[in-house]
Structure formats: structure tokens, C-alpha cells
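This is what each chain is made of:
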Amino acid sequence: MEPVTDINKKEDGYLLLDKGLQFRITDAINSMYNFDFEKAERGFKVLRYTYPEHPLPYFLMGLSQWWKIVIAIDNKSHDASMLGYMDMAIEKAEVLIDADPENKEAAFFLAGAYGFQGRLFSERKNWTSATFASRNALKYLELSRGEEELSPELLLGDALYNYFSVWIRDNYPLLKPIMLLFPKGDQQLGLRQLEEVAKSSFYARIEAQYFLFRLYATEEKKPFKALEITKYLHGKYPNNPYFHRHFARQLYAVGRGREAKEVSLEILKRIDENWTGYEATSGRYAAFFIAQNYDRMRNYENATHYYLRTIAFGDELGAQESGYYLFSALQLGKNYYRLEEKNKAKLYFDLVKENSKRRHPANKEAREFLKKNKL
């Protein structure tokens, strides 16, 4: 069988819209989001053989590497492969757009590949590369806009542009001069478009849901909407540790502590059993949510056990200044005091002071407790 190389003729339409192809690679994409990367990447390699000159298979391989990074963002072992695949997607898309400057599909892949590279460079605090990638992503997002009648896949570009062109101006002053070169977006329109992509697209559906639950949980202050999405994602992809831990986090955020505890206990079980992607970041969330539930039940011995696990995960991550770490140490101090182990109590109050600035609320509470109880 000869690979297909003649792609994206005007009369053939965009590969993104090929329903037969979507059917054939559904299993591979679902495997990627369910953290079965070996199975997913076998499917993407078949796609690369069939369409060696199209950016799609390279983009999907890059996306697979990105999900290996997301779960433990400080682990750099997949950076080179992720950037390499996205570079290949860019190279293939540039060929398409050179042949047809109005090719919206090529613009979509260019915006997406540069966007993912920009996200990684930002995480690595490589601001020069992040700025370059962001500028290119924005340029191609602008070019890919206005084609929602073609497919919800292309609408994702509109949605992200509308929301983040406003958000970046407000949150990243260093990028504001770049943003002034582009029209200002509409955040509420962007949210509505993300909802449409999340419901109707094939390739971009889960990425849209990823953005939606994060935005609803933080920027939009709609925790119940975030919970609804994370519940769906965890149900659909039960072996994805990122969705698993954020489902637990949203249960905790809306006050459903008992359910958060049960979900979190499963996370810790999977960490102990070395499941793919289950590691210290997920463990830190899970142990803290369990400890908090036991605290509310006044079961201080069990709470202490899980706060100690939170501290251990924080030490493993080098995240001693995080809120999870500091408030776990604070609660350990209080619980050891209740259990009449005053030396241990003082040890953990001092740990809070050592790892936080004086104005931090945990630091202030630790100092007040030490003073009040003469420790």
C-alpha cells in the first residue's frame, strides 16, 4: 500500500473533516487521553504512514508527549520529543500554507503547534522562546478565525483567541505590546465557543473541556461547572491521573469532602501500585483532601497520617512553599498539640515559619499559636 501524499486539494476539503478518518483513529485518541500512550502512538504512526505530508499525525504525536508532561510539569524528560513533533507539524503546515495562503486548516495546526510550544516554554520560564511562539500562535489564530461553518475544530482557534487575547492583556503585561497588534477579543463569546467545541468537535473536544474546567474553576469562579466537566472527563478517561486529581479537587472545592476523600483514596492506591502517570503531584492533592475530611470528623490520628503524606509528597516535589505543604504543616502542629505531643507540634509550627514569608496567613497563624500556647 502506498502512502497518501496528495492532500488538501480544494475539491477534497480538509483532512480534519474526514469522518471516515475520525472513525478510524477514535480508539487511538481515546487511548491517549486514558494514558495508554503505547496504543495511542501505534495508531498515530499508522496515520503518519498514510498521510506523511500532513501536519495532523505529527501534531497528535506532539500532543501525546504534552500529556506526559502535563501530569508532572517539572519533569523535562519529554520536552525534546514534544517540541520535535510540533516542529514537524509546523514544517508540514507551512508547506500547505505556502501553497494556499488561505488554508484555514494549515493555520489551525500552525496556531496549535506554536501554542503548545509557547505553553511549554512558559512553564520552563524560557520567555524569549515563549514570546516568539506566542506571537506566531496569535498570528495564525487570527488567520484561522472566522471559519466556524467548516468545523468546530477550527472554531477552537476563535474561542481561544477571544478568551485569551483579553486574558493575556490583563495578566501578562510583557506580552501586551504584542497583543496590541491584534484585535481585542470577547471573553464571554470565547467561553460560548469553547462550550460549542466541547460538545461538537472531534479532535479538539477534550482540549476545549480541559480549558473550560480550568477557566471555570479559577478565572470564572464557577466551581460547580468545573465539577461537572471534571466528573465527565474522569468517567470517560478513568486512568487519566490529571482528570482524576482535578475531579477530587473540584469535589473538595464545592464542599463534598466525603466524596473527595473516596476519590483521593483511589488516587493514593494507584500511586502505591505505580500506575502510569500517578505521582507526587496527584498524591499531594489526594493526601491533603483526605486529611481535611478526617480533620472535620475530628479523627485527628488519621488526619495526621495523611497530612504527613502530604508533607512527604511536597518534599519529593521540592514544593515546601506551596499552600498544601504549609497548611498541612500548620494542621500537624495543631493536631500534635491536641494529641499532647508538644515537641512535635512546635517542630511543625517552626516548619511553617521556615518555609513561608512572615505575611503568609499560615505563618501568621503558626506564630500566634506558638505565642498563645507558650511553645
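As the structure is a prediction and not an experimental result, all values here were calculated from the model.

Engineer: Honestly, the overall build of the chain in this entry has me stumped. Any pointers?
Structural biologist: Along its length, the chain carries 18 helices and 0 strands. Taking all 375 residues of the chain together, the buried fraction comes to 54%. Of all intrachain contacts in the chain linking residues separated by at least 6 positions in sequence, the fraction that spans at least 24 positions is 60%. Carbon and sulfur atoms make up 51% of the accessible area of the chain, which amounts to about 18,000 Å² in all.

Engineer: I would appreciate a short explanation of the packing of aromatic side chains in the present structure.
Structural biologist: For any two aromatic rings, the description comes down to two numbers: the centre-to-centre distance and the angle of the planes. Counting across every chain of the model gives 32 aromatic pairs. When the centroid spacing of 5.9 Å and the interplanar angle of 80° are considered together, the rings of Trp67 and Tyr242 count as edge-to-face. Remark: Tyr242 occurs in helix H12 (residues 241–253) and Trp67 occurs in helix H3 (residues 55–70); sequence separation between them is 175 residues. Overall, Trp67 belongs to the buried group, its relative accessible area being 0%. Accessibility expressed as a relative area gives 4% for Tyr242, which makes it buried.

Engineer: Explain the packing of helix H13 (residues 257–272) against helix H15 (residues 300–317) to me, please; I cannot follow it from the model alone.
Structural biologist: At a closest axis distance of 14 Å, the pairing of H13 and H15 adopts a crossing angle of 50°. If you check the angle between H13 and H15, you find them oblique. Between H13 and H15 lies a crossing of left-handed hand. In this structure, H13 contributes Leu265, Leu268, Ile271 and Asp272 to the contact, and H15 contributes Tyr306, Arg309 and Phe313. Each residue belonging to the contact of H13 with H15 can be placed in one class, and the counts come to 5 nonpolar, no polar and 2 charged.

Engineer: Quick question: what am I supposed to make of the confidence of the model for the chain here?
Structural biologist: Reading fine detail from the predicted coordinates is not recommended where pLDDT is low. Across the chain, the average pLDDT comes to 89, with 89% of residues at or above 70. Long-range and interchain partners of residues 1–11, a stretch whose pLDDT sits below 50, account for 22 contacts in this model, where long-range means more than four residues apart.

Engineer: Is there a simple way to think about the packing of H13 against helix H14 (residues 280–296) in this case?
Structural biologist: When two helices pack together, their arrangement is given by the angle between the helix axes and by the axis-to-axis distance. At a closest axis distance of 8 Å, the pairing of H13 and H14 adopts a crossing angle of 140°. When the axes of H13 and H14 are compared, the pair comes out oblique. Between H13 and H14 the crossing geometry is left-handed. Across the interface between the two elements, Gly257, Arg258, Lys261, Ser264, Leu265, Ile267, Leu268 and Ile271 from H13 touch Ser282, Gly283, Ala286, Ala287, Phe289, Ile290, Asn293 and Tyr294 from H14. Residue composition of the contact of H13 with H14, grouped by class: 9 nonpolar, 5 polar and 2 charged.

Engineer: Mind showing me how you'd approach the pattern of salt bridges here?
Structural biologist: A side chain of one charge can pair with a side chain of the opposite charge if their charged atoms are brought near each other. If you walk through the whole model with that rule in mind, you get 13 salt bridges. Ionic pairing is found between Glu266 and Arg270, a salt bridge with its closest N-O pair at 2.9 Å. Taken together, the residues span about one helical turn, with Glu266 and Arg270 both in helix H13 at a distance of 4 residues. You can call Glu266 partly exposed: its relative accessible area is 28%.

Engineer: Looking at this model, I keep getting lost on the environment of Leu265. Mind explaining?
Structural biologist: Counting through the fold element by element, Leu265 comes out in helix H13. Accessibility expressed as a relative area gives 28% for Leu265, which makes it partly exposed. In this structure, the C-alpha to C-alpha distance between Leu265 and Phe289, residues 24 residues apart in sequence, is 9.3 Å. When residues no more than four places from it in sequence are discounted, the contact partners of Leu265 are Ile290 and Tyr306.

Engineer: Even after reading the chapter, I still don't get the nonpolar core, so can you show me in this structure?
Structural biologist: Nonpolar side chains in soluble globular proteins generally cluster together in the buried interior. One finds Trp67 and Leu194 to be the most contacted residues of the largest nonpolar core, which totals 80 residues. The element that contributes the greatest number of residues to this core is helix H5 (residues 104–123), accounting for 11 residues. Filtering out sequence-adjacent residues up to four positions away, Trp67 remains in contact with Tyr33, Phe35, Phe37, Glu207, Tyr210, Asn240, Tyr242 and Phe243.

Engineer: Explain a negative patch on the surface to me, please; I cannot follow it from the model alone.
Structural biologist: A contiguous patch of negative charge, built from Asp87, Glu91, Glu94 and Asp98, is present on the exposed surface. For Glu91, a relative accessible area of 43% translates into the label partly exposed.

Engineer: Can you help me understand the environment of Val46 in this one?
Structural biologist: Here Val46 is to be found in helix H2 (residues 37–50). Separated by 11 residues in the primary sequence, Val46 and Pro57 have C-alpha atoms spaced 8.6 Å apart.

Each value, and the rule that gives it
Residues numbered from 1 in each chain as written. Predicted model: local features only at pLDDT ≥ 70, side-chain atom pairs only at ≥ 80, totals over all residues. Heavy atoms only, no water. Helix = DSSP H or I, 4+ residues; strand = E, 2+ residues; numbered from the N terminus. Buried < 20%, exposed > 50% of the residue type's maximum accessible area, 1.4 Å probe, protein only. Contact = heavy atoms within 4.5 Å. Areas by Shrake-Rupley, 256 points an atom, 1.4 Å probe, with all protein chains shown as cover. Phe/Tyr/Trp six-rings, centres within 6.5 Å; stacked < 30°, edge-to-face > 60°. Axes fitted to C-alpha atoms, helices over the stretch in contact; angles between N-to-C directions. Parallel < 35°, antiparallel > 145°, perpendicular 65-115°, else oblique. Left-handed = near helix turned anticlockwise from the far one by under 90°. Nonpolar A, V, L, I, M, F, W, Y, C, P; charged D, E, K, R; others polar. pLDDT = per-residue confidence, 0-100. Salt bridge = Lys/Arg side-chain N within 4 Å of Asp/Glu carboxyl O. Core = buried A, V, L, I, M, F, W, Y, C linked by side-chain atoms within 4.5 Å. Patch = residues over 30% accessible without salt bridge, like charges linked within 9 Å, V, L, I, M, F, W, Y side chains within 5 Å. Lys, Arg positive; Asp, Glu negative; His and termini not counted. Charge placed at Lys NZ, Arg CZ, Asp CG, Glu CD.

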